[in-house]
Amino acid sequence: MFDQESSNDENYVGGGGRIQFYGTVGQSFTPSLSTVGFFRVKLGDITPNNAVGATLVINLRSNAFNGPILGTTTPVALSDGFNSSVDFFLPTAVSVLPGTMYFFQVVVQTGDNVNITIRQDSLGDLNYPGGDFYANSGPFTAADLWFREGIVVPEPSISALLLGGGVFAWLIRKRP
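By convention here, each chain's residues receive numbers from 1 onward along its written sequence. Only residues with pLDDT of 70 or above have their local features reported here, since the model is predicted, and side-chain atom pairs are shown and tallied only from 80 upward, although totals for entire chains, interfaces and linings are computed over all residues. Think of the side-chain values as coming from all heavy atoms in the structure, minus any hydrogens and water.

As a general feature of sheets, a regular strand has side chains that alternate between the two faces. Burial classification: accessible surface area is computed with a 1.4 Å probe over protein chains only, and a residue below 20% of its type maximum counts as buried, one above 50% as exposed, and the rest as partly exposed. Numbering goes from the N terminus for both helices and strands, where a helix is a DSSP run of H or I of at least four residues and a strand is a run of E of at least two. Among the nine residues in strand 5 (residues 54–62), nine count as buried, and that is most of the element. Neither face of strand 5 is open: one carries Ala-54, Leu-56, Ile-58, Leu-60 and Ser-62, the other Thr-55, Val-57, Asn-59 and Arg-61, and all of them are buried. Two strands form a pair only when DSSP identifies at least two bridges running between them. Pairing geometry for strand 5 and strand 9 (residues 102–111), over nine bridges, is antiparallel. Along strand 9, the bridge assignment pairs Arg-61 with Phe-103. As judged from the three bridges shared by strand 5 and strand 6 (residues 69–72), these two strands associate in the antiparallel manner. Within the sheet, the bridge partner assigned to Leu-60 lies in strand 6 and is Gly-71.

Where side chains of opposite charge bring their charged atoms close, a pairing between them can arise. Only one rule defines a salt bridge in this text: a Lys or Arg side-chain nitrogen within 4 Å of an Asp or Glu carboxyl oxygen. Scanning the entire structure with this criterion turns up one salt bridge. Residue Asp-87 is joined to Arg-40 by a salt bridge in which the shortest nitrogen-to-oxygen separation is 2.5 Å. On the criterion of sequence distance, the pair formed by Asp-87 in strand 8 (residues 83–95) and Arg-40 in strand 4 (residues 35–45) is long-range, its members being 47 residues apart. Given a relative accessible area of 28%, Asp-87 falls into the partly exposed group.

This part takes up the packing of aromatic side chains. Only rings of Phe, Tyr and Trp enter the pairing, Trp through its six-membered ring, and a pair is recorded when the two centres are within 6.5 Å. The plane angle decides the type: under 30 degrees is stacked, over 60 is edge-to-face, the rest tilted. Per the counting criterion, the structure on display carries 14 aromatic pairs. When the centroid spacing of 6.4 Å and the interplanar angle of 55 degrees are considered together, the rings of Phe-29 and Phe-147 count as tilted. In this pair, Phe-29 is assigned in strand 3 (residues 25–29) and Phe-147 in strand 14 (residues 147–150), connecting sequence segments 118 residues apart. The exposure class assigned to Phe-29 is buried, which follows from its relative accessible area of 0%. With 5.1 Å between their ring centres and 90 degrees between their planes, Tyr-128 and Phe-147 make a pair best called edge-to-face. With Tyr-128 in the loop between strand 10 (114–120) and strand 11 (133–135) and Phe-147 in strand 14, this residue pair connects regions lying 19 residues apart in the sequence. You can call Tyr-128 buried: its relative accessible area is 5%. Through a chain of ring-to-ring contacts, three or more aromatic side chains come together here, namely Phe-29, Phe-39, Tyr-102, Phe-104, Tyr-128 and Phe-147. Remark: a charge is flagged as sitting over a ring if the NZ atom of Lys or the CZ atom of Arg is within 6 Å of the ring centre and within 35 degrees of the ring normal. A cation over a ring is seen here: Lys-42 above Trp-146, with NZ or CZ 4.4 Å from the ring centre.

Put into C-alpha cells, the structure is as follows:
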C-alpha cells in the first residue's frame, strides 16, 4: 500500500541524473502512516550492453539527510540494461512518526553507472509538497525524485481464504 508518492506510473516522464555523479542522492518525505516497509524509485542503466549490472540499497534516515540510519533495505541486484521502477524492501518495517520528515538515500553498492529519475517541479509532473530532492547532502527545492513509499500488506493465506469461504458457505446454507 502506497503512503507517499511524487507521481504514479501513468504520469511518468523520463529524466534524471547519475547517482555516482551526485555522490549522495535521496529524497526527504513526510509519511502519514506509522511504518515504512518499502520504497520504489525509477532507475536506469546509463551504459547498457556492457555486461555490467548494479547492486543498490536504500537507507531510511531520521533528522537529516546524513542523520542516523533507521533501516536499510535488502540489496537489489539489477541486470545490465535495466530501466524501470524498482522496489526496495526493508527486512522489517520501520516505525516512524506520521507528519515528521524523514529521508531516504539511494546507494549504489557495486556496478555500473545508475540513472535515477529526477524531475523539476516547473515541469508539472512531480510536485511532492512533503519533501525535496537531495544531492551531495544539499536540498534542491525545485525538484523531486520519482518515488513511492509505503507498507507491505500481506496477502491472505490459503487457510484464511478457505476458512472464510467455509464460513460464507455455511451462512448461505443456513439462510431460509
